[in-house]
Amino acid sequence: MDSFVFAAVLFAAACHAGWNAAIKRGLDPLATTVLISLGAAVVALALAPFTGLPAPAAWPWVIASVIIHLGYFAFLIESYRTGDMGQVYPLARGSAPLLTASLSPLIVGEVIGAVAFLGIAILAAGVILLSLRGGRALARIDARAVSFALLTALTICAYSLVDGIGARLAGSAHAYSVALFAGIGPVMLIYALVRAGRDVVTVMRRHWTTGLAGGALQFGSYAIAIWAMTLAPIAIVAALRETSVLFGAVIATVFLREPLRPPRIVAALMIVTGLALIRLY
């Protein structure tokens, strides 16, 4: 992987952690998710005149990804409702790169070396270890929450592979990203109205500035990743994206004054080790 692409994906992961940390606490997970999706859609539509549309061959992949993202957000919202976000989220994000690295040789034909796969495994283990907040065991997570977290991981793997293939067929990774986010926003709004009724709109209206700012960061973060997947193996990019959990832990420690416990230190060292091995690929 080119050094610039490597650094760009890490920057995208930091952006991902940033908009997650900036989200107003206490807002309903469904309203938050839809609000940010709509913000990203607004950004996408504003950029559409400059990027144009993806090639016709990419449209089936765009549609498939929109559907998968609907499943991703639905499972993620349910995992937040049933479990501790600080444990469920890292479990989902840590499992996803291992699934992607295992399936990409079969689906995409990209075979990564043993060193890179070891790096992904160590990075993923470090991400999962970050879910042991304060030394609490994963066994304390409700089985329902674990199920939703693993389903979330499966959808992350699915949309990573779909978007990697689709962006390569689109002629322009940026055009693909614009089409994708322009589709996700309205679909998520329809889902929210069906699920929670018009009350969800009232909640979102009060926080539209947060949604627009978060949507811009969400769009930028994943658009960089999609661009990177046209230049580097999908499994490598997918693994690097999960360092967002590490950046989130740094933000929580430095800015939110959360305690720096031993499990977090060990997890951070594991993630850095994994990054070093991936960079050697």
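Bear in mind that the values here come from a model prediction, so they are computed numbers and not experimental data.

> Please clarify how the pattern of salt bridges should be interpreted in this entry.
Between side chains of opposite charge, a pair can form when the charged atoms approach closely. Enumeration according to the criterion identifies two salt bridges in this entry. For glutamate 78, the salt bridge is made with arginine 195, and the minimal N-O distance between the two is 2.7 Å. Here the residue glutamate 78 occupies a position in helix α3 (residues 59–82), and arginine 195 occupies one in helix α7 (residues 173–196), the gap between them amounting to 117 residues. Classification of arginine 195 by relative accessible area gives partly exposed; the value is 41%. One salt bridge connects arginine 168 with glutamate 110, and the closest N-O pair in it is separated by 2.6 Å. Taken as a pair, arginine 168 in helix α6 (residues 143–169) and glutamate 110 in the loop between α4 (85–107) and α5 (114–129) lie far apart in primary sequence, 58 residues in all. Accessibility expressed as a relative area gives 35% for arginine 168, which makes it partly exposed. By relative accessible area, glutamate 110 is classed as buried at 16%.

> Can you walk me through the packing of aromatic side chains in this structure?
For any two aromatic rings, the description comes down to two numbers: the centre-to-centre distance and the angle of the planes. Using the criterion set out here, one finds seven aromatic pairs in the structure. Ring geometry for tyrosine 72 against phenylalanine 73: centres 5.0 Å apart, planes inclined by 55°, an arrangement best described as tilted. Across the pair, phenylalanine 73 and tyrosine 72 agree in class, each one buried.

> Is there a simple way to explain the environment of cysteine 157 in this structure?
Take cysteine 157: it is sitting in helix α6. The class of cysteine 157 is buried, set by a relative accessible area of 2%. Between the alpha carbons of cysteine 157 and alanine 96 there is a distance of 5.4 Å; along the sequence they are 61 residues apart.

> Whenever I open this one, helix α9 (residues 208–229) confuses me. Can you help?
Spacing of three or four residues puts side chains on the same side of an α-helix, whose turn is 3.6 residues. Compared with an ideal rise of 1.5 Å per residue, which puts 22 residues at 32 Å, α9 spans 31 Å between its outermost C-alpha atoms and is within 8% of the ideal. Those residues of α9 lying buried are Gly211, Gly214, Gly215, Gln218, Phe219, Ser221, Tyr222, Ala223, Ala225, Ile226, Ala228 and Met229.

> Looking at this structure, I do not really get the side chain of serine 221. What am I missing?
You can see serine 221 is positioned in helix α9. A polar atom in the side chain of serine 221 sits 2.8 Å from the backbone oxygen of alanine 12. If we ignore the near neighbours within four places in the chain, the residues touching serine 221 are Ala12, Cys15 and His16.

> Mind showing me how you'd approach the environment of glutamate 110 here?
Measuring from C-alpha to C-alpha, the distance between glutamate 110 and proline 233 comes to 6.6 Å, with 123 residues separating the pair along the chain. Filtering out sequence-adjacent residues up to four positions away, glutamate 110 remains in contact with Ser104, Pro105, Arg168, Ala232, Pro233, Ile234 and Ala235. Polar contacts involving the side chain of glutamate 110 include one to the side chain of arginine 168, which spans 2.6 Å. Polar contacts involving the side chain of glutamate 110 include one to the main-chain amide nitrogen of isoleucine 234, which spans 2.9 Å.

Rules used in this analysis
Residues numbered from 1 in each chain as written. Predicted model: local features only at pLDDT ≥ 70, side-chain atom pairs only at ≥ 80, totals over all residues. Heavy atoms only, no water. Salt bridge = Lys/Arg side-chain N within 4 Å of Asp/Glu carboxyl O. Helix = DSSP H or I, 4+ residues; strand = E, 2+ residues; numbered from the N terminus. Buried < 20%, exposed > 50% of the residue type's maximum accessible area, 1.4 Å probe, protein only. Phe/Tyr/Trp six-rings, centres within 6.5 Å; stacked < 30°, edge-to-face > 60°. Expected span 1.5 Å × (residues − 1). Polar contact = N/O pair within 3.5 Å; in protein donor to acceptor, adjacent residues only side chain to side chain. Contact = heavy atoms within 4.5 Å.

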